[in-house]
Amino acid sequence: MHTSHLTLRTAVAVLALAALTSCGSGSEPTADGTVTLSFMTGSDQAIVDTSKALANAFMTANRTIKITIEQQPGGSEGDNIVKTRLSTGEMTDVFWYNSGSLLQALNPAQTLVDLTGDPVLANVQPDYLPVVTQQDKVYGVPASTLNAGGILYNRKVYQQLGLQVPKTWAEFMANNDKIKAAGGITPVIGTYKDTWTSQIFVLADFHNVQAAVPTFAQDYTAGKVKYATTPAATGGFQHLADVHAKGYLNKGFGSAVLDQGLKMLVQGKGAHYAMLSGLLPPLLANYPQTATDVGFFGIPGDDPATNGATVWEPPAIYIAKTTEHVEAAKKFLAFVASPAGTQAVTAAVKPSGPYRVKGSQLPADALQVAKDLQGYLDKGATTPALEFLSPIKGPSLEQITVAVGSGLTPPAQGAAQYDKDVEKQAKQLGLAGW
C-alpha cells in the first residue's frame, strides 16, 4: 500500500476509490414502490466488509429500498474520477470518501446534499462534525471507526517492569530509561526503511500543538505561523531527536520496516512504537495476543493537565446532489450513523477504534487500543490530526523526519526545512498569505 506523504488515512486504507465502471444516480421507483440506491465504495477488504454490512442490515430493516454496491479498485486515479463524476452529474446516489480537508476539493456546496440541521445527524458525535463541514455546512456521516495516532505499547512489558502510562514527555523518557536499564527490550521501535513511519512523532503530536496554540491550524493555513518559529510545533521534531540521542531505538532502525516493527511490539521485543492503531487488526490472525497485549496512549506533552491524543477521524458517506432519491439516501445515512448501523459493522469487522456515533458501544472483545482510545474520547481529550484541519501537507516530511530521527539533522533545522517544503505546496494550492 502506498503511504508516501502520509495522508495517514491512506495508510489505514480508508481512501480506496477509483474508476467507476457504471454510472447512475439510482433507478426510478418500481411499480411496488421499491427504490434502488447506488453506493460507491472502495476496494480495501475492511471497507468492502463494512459497506456490505451496512447495506445488508439497512435493506433488512427497509424492505422498499434496495442498495447496489459498486466496488472499485483503489488509487489516486479514483480520486480524480470521483471529482469528475461529481462535476459532470454522474455520481452514484451515495458514496464513501475522505473526511477532513480533502473534502473541500469536491466543491461540496455544488455537488453534495447539505445535511445541516437534518435529523440524519442526530446521532453523530458533535466532535466529528467539523471534519465533514465546509463553509458552515455539514455534508456527511462517519462511515467507520476512529483511528488513533500515538504510542502503541506492550502492556506485558509495562506490567513486568511496573511502569505506568506516562502523562508527560519526561515520564515517557523515564519509562524508556527503565526499559533500557532492564536490558533485552528495545525501548522505542524505529522502522525508517518505511520512511512514512518516521512522521508519527510529529503528526501525532498535534494534540499538544493545538493545546498550546489553539489557532495553529487556521494560522498555519493562512501562512501566519511556522513550525520552526512555534516551540510547540517544533516539539515533534525534538521528540524524534530525543529518542535517538538517548539510544532508545532498535539496532538497524534505518533498515527496519513496518511489519518488523509491529511484530517486535506484539512479541514484546520492543516496548513502544509511534504508530497508528488501525494497523493492528491484520496481526490478529497470526498474533491473537495483539488484542490484549498492545495498548495505546497519546504522545505526551509537557503539561499533564492537557494530556490527550491526536486522532484520525473516520471517512464519511455523502449524498450526491444529483440523486433522485434524497429521502431514501438520507434514511440510509441515518442508519449508518446509528447504534444499529455500528452494531451491524461490528458483527462483520473487528473495530480497532471507537465509533463516532452516540449510543454505540465497543464489544467486550474489542482491541485494547480501541478501549484505550475510548478513554480519551470519554474525557474529551482528543484533537483531529492537522491534515483534517488544513489542506497543507508537505511532500518531503518523511525524508526530513528520517534525518532528524537518525541524528543527521538537528530538530530546529528539520522544522525549518519542513516550512520550506510546505511553502511550495501552499503556493501550488493558491492559498492566501503565502
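Please read all numbers here as calculations on a predicted model, not as lab measurements.

Structural notes on the pattern of salt bridges
Between side chains of opposite charge, pairing is possible as soon as their charged atoms come close. Summed over all chains, the structure comprises seven salt bridges. Note that Lys350 is salt-bridged to Asp365, the shortest N-O span being 3.4 Å. Here Lys350, found in the loop between α14 (339-348) and α15 (368-378), pairs with Asp365, found in the loop between α14 and α15; they are 15 residues apart in sequence, far enough to count as distant. The class of Lys350 is partly exposed, set by a relative accessible area of 32%.

Quick look at helix α17 (residues 411-428)
Note: α-helices contain 3.6 residues per turn, so residues at a spacing of three or four share the same orientation. Between its first and last C-alpha, α17 extends 26 Å over 18 residues, near the 26 Å set by a 1.5 Å rise per residue. Of all the residues in α17, the buried ones are Pro411, Gly414, Ala415, Tyr418, Asp419, Asp421, Val422, Gln425 and Ala426. Buried residues belonging to α17 abut α9 (216-221), α10 (231-245) and α16 (397-405). Just past α17, the residue Gly430 takes up positive phi, approximately 70 degrees.

A few points about the sheet that holds strand β2 (residues 65-71)
If you walk across this open sheet you meet the five strands as β2-β1-β3-β12-β6, and the pairing is mixed. The two strands at the open ends of the sheet, each matched to only one other strand, are β2 and β6 (140-142). Across the sheet, the mean angle separating the axes of adjacent strands is 25 degrees when strand polarity is ignored. As defined by bridge partners, β6 adjoins strand β12 (residues 316-319) across three bridges and the pair is classed as antiparallel.

Describing the packing of aromatic side chains
Under the counting rule described, the total for this entry stands at 17 aromatic pairs. Consider the rings of Phe58 and Phe332, whose centres lie 5.2 Å apart with planes at 70 degrees: the pair is edge-to-face. Taken together, the residues Phe58 in helix α2 (residues 45-61) and Phe332 in helix α13 (residues 326-336) connect sequence positions 274 residues apart. Between Tyr220 and Tyr227, the aromatic rings sit 5.6 Å apart at their centres with planes inclined by 85 degrees, giving edge-to-face as the arrangement. Residue Tyr220 shares its accessibility class with Tyr227, and that shared class is buried.

Overview of the confidence of the model for the chain
If pLDDT is low for a region, its predicted coordinates should not be looked at in detail. Overall, the prediction assigns the chain a mean pLDDT of 90, with 92% of residues at 70 or greater. Long-range and interchain partners of residues 1-27, a stretch whose pLDDT sits below 50, account for 114 contacts in this model, where long-range means more than four residues apart.

As for the environment of Ala57
Here Ala57 is to be found in helix α2. Residue Ala57 is classed as partly exposed on the basis of its relative accessible area of 24%. On a C-alpha basis, the gap between Ala57 and Ala233 in space is 44 Å, while along the polypeptide they are 176 residues apart.

Definitions and limits used
- Residues numbered from 1 in each chain as written.
- Predicted model: local features only at pLDDT ≥ 70, side-chain atom pairs only at ≥ 80, totals over all residues.
- Heavy atoms only, no water.
- Salt bridge = Lys/Arg side-chain N within 4 Å of Asp/Glu carboxyl O.
- Helix = DSSP H or I, 4+ residues; strand = E, 2+ residues; numbered from the N terminus.
- Buried < 20%, exposed > 50% of the residue type's maximum accessible area, 1.4 Å probe, protein only.
- Expected span 1.5 Å × (residues − 1).
- Contact = heavy atoms within 4.5 Å.
- Pairing = 2+ DSSP bridges.
- Axes fitted to C-alpha atoms, helices over the stretch in contact; angles between N-to-C directions.
- Phe/Tyr/Trp six-rings, centres within 6.5 Å; stacked < 30°, edge-to-face > 60°.
- pLDDT = per-residue confidence, 0-100.

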